[in-house]
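Observations on the three-dimensional arrangement
The primary structure of each chain is shown beneath.
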Amino acid sequence: MKYLIRKGRLIDPVSGIGGVMDILLEKDKVAVIGSDLSAPDAQIIEAGGLAVCAGLVDLHARLGQPGYEYRETVSSGSRAAAAGGYTTVGCLPDTQPPIDVPGGVTYLRELSAAAPGARVLPIAALSMGRQGAEVTDFEALKAAGAAALSDAAPLRNANLLRDAMILAHRQGLAVLAFCEDPDLSQNFVINEGQVSRRLRIPGRPAIAEELQVMREVMLAEETGTAVHICRVSTAKSVSILRRYKKKGVRLTCSACPPHFTFTEEEVLEQGPPARLEPPLRTPADVDGILEGLRDGTIDAIASDHTPYSEEETSLPLVHSPAGASALETTLAVSLTALYHSGLMSLSDVLRKLTFEPARILGLPGSGRLAVGGPADLVIFDPNEEWQVDPSAFLSQGRNTPYAGKTLKGKVKYTIVDGTIVYQAR
């Protein structure tokens, strides 16, 4: 199949190419980029007034399958991802059973091949059963197609983590670290601070995250391993990462939209929908995340898509699960908070959603729009306003702190391997 995308505003943060251009897609590749292209046998996509860039790449999402299909499946998650402009999604291994053996990686790849939307990349467990006692077989997992390694949860065992980093370095696999001291956080539901004291419930202190961030970056420095810190939520975490990145340590990190758009006060307004992990923090922490995004300390923006069933999300705050269905809102929230606020250029925002996550996951050619590159694209209107209606999500999860919020930036087409997998009605 051929597609000719006409008169779209091309944005490629890597090459700096921009302006109104035509793009010809042939099969699964970008064939030609130019002006006034002609392809009589191609299907025309009129993109006048719309932005065109490489498809978004998500570092980490929870897609439920196997074991939690009542929350999400690879099929429904891939459709939701496509609706949000994603062409590639990293799938975390916190499933039942966990993705800790090559057969599990193969199973997810088979599900991805049959999925109707974005492709799904398996992120394999770092430890067997995600129990933090014995490392998995990294070489076999990589051979099966694992894109990275993570237990999708904090690791108590520093010795195992150190060994895992050394082994991952030998295999050229990135380690995705979720940083929070479990003994300090104890699965308390919100940030320790004014709101927790007002509600008279225990809070999760910011230092629970910061201590583990410091541990991980020091181990990364010692082992030389490429370590990615997921879900940075405090200003001090950003400061630690900034300092160690300047030293040349092989570190990258990402933030999720709620942590640069909401403060802990949102819990008072919304209750359970504002229970996230890590918890929403203070205004000073939000400012720290925004500054980290602006100055490049924070490399990428991740959805951390965590859908739940209606039964689970109907529980009161202290019993409600933490997380949000986020694949369909991450682009628009990022554009609204970062681009339309004037904090960052459109190109810089898109870089954190495309090229940088692709680079962290080691996906050559992905995350950029270039002749000969993969025909993975998103076409969107950066200025169109829309109101978030969870009942219209393609995800099975309806849990979101953005319900009823007005956002700017609407996906019109998502194309994966040269095939339209999402088209707005």
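Please refer to the structure higher up on the page.
These remarks concern the structure in this document. Bear in mind the structure is a predicted one, so any value in this text is a computation, not a measurement.

Overview of the overall build of the protein chain
- Helix and strand counts for the protein chain come out as 15 helices and 18 strands.
- Along the three orthogonal principal directions, the C-alpha set of the protein chain runs to about 65 × 45 × 45 Å.
- Long-range pairs, those at least 24 residues apart, make up 76% of the contacts in the protein chain with a sequence separation of at least 6.
- Within the structure as shown, the protein chain displays about 16300 Å² of accessible surface, and the carbon and sulfur contribution to it stands at 49%.
- Taking the 42 positively charged and 50 negatively charged side chains of the protein chain as two groups, their mean positions are separated by 3 Å.

So, helix H1 (residues 74-83)
- Counting buried residues along H1, 8 of its 10 residues qualify, which places the element largely inside the surrounding structure.
- Every buried residue of H1 is listed here: Val-74, Ser-76, Gly-77, Ser-78, Ala-80, Ala-81, Ala-82 and Ala-83.
- Considering only its buried residues, H1 is in contact with strand E7 (86-91), helix H2 (102-114), strand E8 (119-124), strand E17 (406-416) and strand E18 (419-423).
- A positive phi of about 95° marks Gly-85, the residue just after H1.

Structural notes on the packing of aromatic side chains
- Enumeration over the complete set of coordinates arrives at 2 aromatic pairs.
- Consider the rings of Tyr-68 and Tyr-70, whose centres lie 6.3 Å apart with planes at 70°: the pair is edge-to-face.
- The ring centre of Trp-386 lies 4.2 Å from the NZ or CZ of Lys-410, which sits over that ring.

Structural notes on a nonpolar patch on the surface
- Taken together, the side chains of Leu-184, Ile-207 and Leu-211 make up a nonpolar region of the molecular surface, amounting to roughly 240 Å² of accessible area.
- Mapping Leu-211 onto the fold places it in helix H7 (residues 206-223).
- We classify Leu-211 as partly exposed; its relative accessible area is 44%.

Observations regarding the pattern of salt bridges
- Counted under the stated rule, the structure contains 27 salt bridges.
- Across the salt bridge formed by Arg-231 and Asp-304, the nearest N and O atoms sit 3.1 Å from each other. Placement of Arg-231 in the loop between strand E13 (227-230) and helix H8 (235-246) and of Asp-304 in the loop between strand E15 (300-301) and helix H12 (310-313) is noted, with a sequence separation of 73 residues between them.
- According to the relative accessible area criterion, Arg-231 is buried, its value standing at 9%.
- Through salt bridges with shared partners, a single network forms among Arg-62, Asp-94, Glu-180, Arg-204, Arg-231, Glu-277 and Asp-304.

About the thresholds
Residues numbered from 1 in each chain as written. Predicted model: local features only at pLDDT ≥ 70, side-chain atom pairs only at ≥ 80, totals over all residues. Heavy atoms only, no water. Helix = DSSP H or I, 4+ residues; strand = E, 2+ residues; numbered from the N terminus. Contact = heavy atoms within 4.5 Å. Areas by Shrake-Rupley, 256 points an atom, 1.4 Å probe, with all protein chains shown as cover. Lys, Arg positive; Asp, Glu negative; His and termini not counted. Charge placed at Lys NZ, Arg CZ, Asp CG, Glu CD. Buried < 20%, exposed > 50% of the residue type's maximum accessible area, 1.4 Å probe, protein only. Phe/Tyr/Trp six-rings, centres within 6.5 Å; stacked < 30°, edge-to-face > 60°. Lys NZ or Arg CZ within 6 Å of the ring centre and 35° of its normal. Patch = residues over 30% accessible without salt bridge, like charges linked within 9 Å, V, L, I, M, F, W, Y side chains within 5 Å. Salt bridge = Lys/Arg side-chain N within 4 Å of Asp/Glu carboxyl O.

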